[in-house]
Amino acid sequence: MPQARLLAIWRFFLLILIFVTFTPIYWTLLKINQNLGFRFGRFYLSTWRKCIGHQLIIKGELSKAEPTLFVSNHSSYVDILVLGTFVPARFVAKQEVATWPVMGWLATKQGTLYIDRSRTAIVDGTDTLLEYLDKGESLILFPEGTTSDGCRILPFGSSFFDVAMKKNITVQPITVTYAGWDRLPMPHYMRKFCGWFSPDVDLLPHLWAIAQWGTVQVVVDLHPPLKAQDFASRKELCQASFHAVRNGLLKAFESPISHQMSQA
């Protein structure tokens, strides 16, 4: 479709223009004042998200507790653009994210904590998270440990919920759903394509493909915060978070996208 390709070319032009224009400002602010740089970084991520045609529909209230452990499902690198837009927290990601083209660079500059998720490194990873929580910094964690196809929620790993139990902090589950396409319910095959979970698909060709679409509505459901002190173990806290995120995904797919937009 020539029109779709022209749309993708225009969007890639905007992405390159933003990269060339914003990167020196971003770099300078990070050197002068890291907090100010991170705030500009959220604006940077938001601008990139808008350029590729992803519109946010935010439901619920963001936790005001400091620090908060935000836990979300994970289906694509676009999740970084989505959550990085408005959640004032550091991402916690697997080490491979740092190697992603451009997105890995942005994630790194935004202070992402890269954690080795192997069993032998879990303790060191937990200690790292505790250090940042002690400083009052909130974190964004993807407990699935990998990306999914966006049509289901993979089981959550409970190991990193231990930091919430040790520090007795607030945990807020978040569901990110790629639910709409040009204000209509997204077809099932497109939902799966929104996810970037196959090692056989390179990032840039995937981005080129989704840039040819119209506008994608991304429903972000901020669930009621959970207090660690209300749970007997990290596994119970993990399961409560998992059920909240899974129910949010089902609800986003079942509700008409036009109604969800009216509630945004």
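Presented here is an overview of the structure given in this document. The residue count restarts for each chain, going from 1 along the sequence in the order it is written. Reporting in this predicted model follows two pLDDT cut-offs: at least 70 for local features of residues, and 80 or more for side-chain atom pairs to be given and counted; totals over whole chains, interfaces and linings ignore these cut-offs and use all residues. Hydrogens are left out, water is left out, and the side-chain values use all remaining heavy atoms of the structure.

Here we come to the side chain of His-74. Under the DSSP-based scheme used, a helix requires at least four consecutive residues in state H or I and a strand at least two consecutive residues in state E, with every element numbered from the N terminus. Following the sequence through the fold, His-74 ends up in the loop between β2 (68-72) and α3 (78-86). To sort residues, take the accessible area from a 1.4 Å probe on protein chains only and compare it with the maximum for the residue type: under 20% means buried, over 50% means exposed, and anything in between is partly exposed. Owing to a relative accessible area of 6%, His-74 belongs among the buried residues under this scheme. Polar contacts involving the side chain of His-74 include one to the side chain of Asp-79, which spans 2.7 Å. Ignoring any residue separated from it by four or fewer positions in sequence, one finds His-74 in contact with Asp-79, Trp-100, Phe-142, Glu-144, Thr-146, Thr-147 and Ser-148. Between N or O atoms, a polar contact is any pair within 3.5 Å; within protein, one atom must be a potential hydrogen donor and the other a potential acceptor, and residues adjacent in sequence are included only when both atoms are from side chains. Residue contacts are counted whenever heavy atoms from the two residues lie within 4.5 Å of one another.

What follows deals with the pairing of strand β6 (residues 170-181). Most of β6 sits out of view: 11 of its 12 residues are buried. Here β2 pairs with β6 via 5 bridges, running parallel. When the sheet's bridge partners are listed, Leu-69 is paired in β6 with Val-171. Of the strand pairs in this sheet, β6 and strand β9 (residues 226-227) are connected by 2 bridges, and their pairing is antiparallel. Looking across to β9, one finds that Val-171 is bridged to Leu-226. Pairing geometry for β6 and strand β8 (residues 216-222), over 7 bridges, is antiparallel. Following the sheet pairing, Thr-177 is matched in β8 by Val-219. The criterion for strand pairing is that DSSP finds at least two bridges linking the strands in question.

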